[in-house]
Amino acid sequence: PIDSPPTVSSVSPDNFDTAGDTITITGTNFQSGLTVKIVAADGSEFSASSATFTNSTTASFDITAAMVADDNDPYDVIVTNSNGLQGTKFDALDYAPEPVFNTAAGTHNIYNANRANSFDAGATSTESDATLSYAVTTGSLPTGGSISSSTGAITGISAVGSDTSTTFTVTATATDGDSNVTTNTRSFTLN
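Residues numbered from 1 in each chain as written. Predicted model: local features only at pLDDT ≥ 70, side-chain atom pairs only at ≥ 80, totals over all residues. Heavy atoms only, no water.

**Overview of the sheet that holds strand S12 (residues 117-120)**
Next, step 1: With antiparallel pairing, the 3 strands of this open sheet are ordered in space as S12-S16-S15. Strand pairing shows two members of the sheet lacking a second neighbour, S12 and strand S15 (146-147), which therefore form its edges. (Pairing = 2+ DSSP bridges. Helix = DSSP H or I, 4+ residues; strand = E, 2+ residues; numbered from the N terminus.)

Listed below in structure tokens is the structure:
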């Protein structure tokens, strides 16, 4: 009998943010002993670690540190059976890391001495084409405070006559050029 090549119909999730993320591949004609290769937009090739055959329609692999360092998406996913036949899903996978906050979670003291103050609730992204946005998603800001949706800076905090404490959560959202969206949240208490 003549073997049929594998086909790759989808990967899930379709993005990753760190080494060790597990990606599940769905398709047909997968065989025990298969390997998985990832090809970046610039043609760079990466062998996936821990390629695992589950059954003829499902396999999985883990993202490597080299793939995370590359940031050259989108990536093609190529499944090769032990007989050498291949199936490819083009532009199947994107790098989409979570934003990383600049300021540690927890309690922070602001001494206002009867003047307005600011606080950095911003974040960064290692995704080269990500745009960040910010919102307070639980709790509320101190009196007079507002958050910049583009920088995460909290400004306009009003002077108070006595010690106060306010707890809130900021959600940072990163949207990359391929419209992948990742979020991270951080809780702050301002005294």
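**What about the packing of aromatic side chains?**
Next, step 1: Overall, the coordinates contain 5 aromatic pairs when judged by the stated rule.
Next, step 2: For the pair Phe101 and Phe188, a centre-to-centre distance of 6.2 Å together with 75° between the ring planes defines the contact as edge-to-face. Placement of the pair is Phe101 in strand S10 (residues 100-101) and Phe188 in strand S18 (residues 181-190), with a sequence separation of 87 residues.
Next, step 3: Residue class for Phe101 comes out buried when judged on its relative accessible area of 8%.
Next, step 4: When the centroid spacing of 6.0 Å and the interplanar angle of 45° are considered together, the rings of Phe168 and Phe188 count as tilted. Taken together, the residues span a long stretch of sequence, with Phe168 in strand S17 (residues 166-175) and Phe188 in strand S18 at a distance of 20 residues.
Next, step 5: Residue classification places Phe188 among the buried residues on the basis of a relative accessible area of 0%.
Next, step 6: These aromatic residues form a ring-pair network of at least three members: Phe101, Phe119, Phe168 and Phe188. (Phe/Tyr/Trp six-rings, centres within 6.5 Å; stacked < 30°, edge-to-face > 60°. Buried < 20%, exposed > 50% of the residue type's maximum accessible area, 1.4 Å probe, protein only.)

**Observations concerning empty space enclosed by the protein**
Using a probe with the size of a water molecule, rolled over the atoms, empty space left in the structure can be pinpointed.
Next, step 1: A complete count under the given rule lists 1 cavity of 30 Å³ or more for this structure.
Next, step 2: Lining the largest cavity, in full, are Tyr95, Ala96, Pro97, Ser125, Glu127, Ala130, Ala174, Thr175, Asp176, Asn180 and Thr182.
Next, step 3: Taken together, the residues of the lining of the largest cavity break down into 5 nonpolar, 4 polar and 2 charged. (1 Å grid on protein atoms, 1.4 Å probe; cavity = no way out; pocket = protein on both sides within 12 Å on 5 of 7 lines; lining within 4 Å. Points joined across faces, edges and corners; volume = space filled by probe spheres on them. Nonpolar A, V, L, I, M, F, W, Y, C, P; charged D, E, K, R; others polar.)

**Remarks on the side chain of Asn72**
Next, step 1: Among the structural elements, Asn72 can be located in the loop between helix H1 (65-70) and strand S8 (75-80).
Next, step 2: Within the structure, the side chain of Asn72 is placed 2.7 Å from the side chain of Asp42, a separation counted as a polar contact.
Next, step 3: Those residues in contact with Asn72 that sit more than four places away from it in its chain are Ala40, Ala41 and Asp42. (Polar contact = N/O pair within 3.5 Å; in protein donor to acceptor, adjacent residues only side chain to side chain. Contact = heavy atoms within 4.5 Å.)

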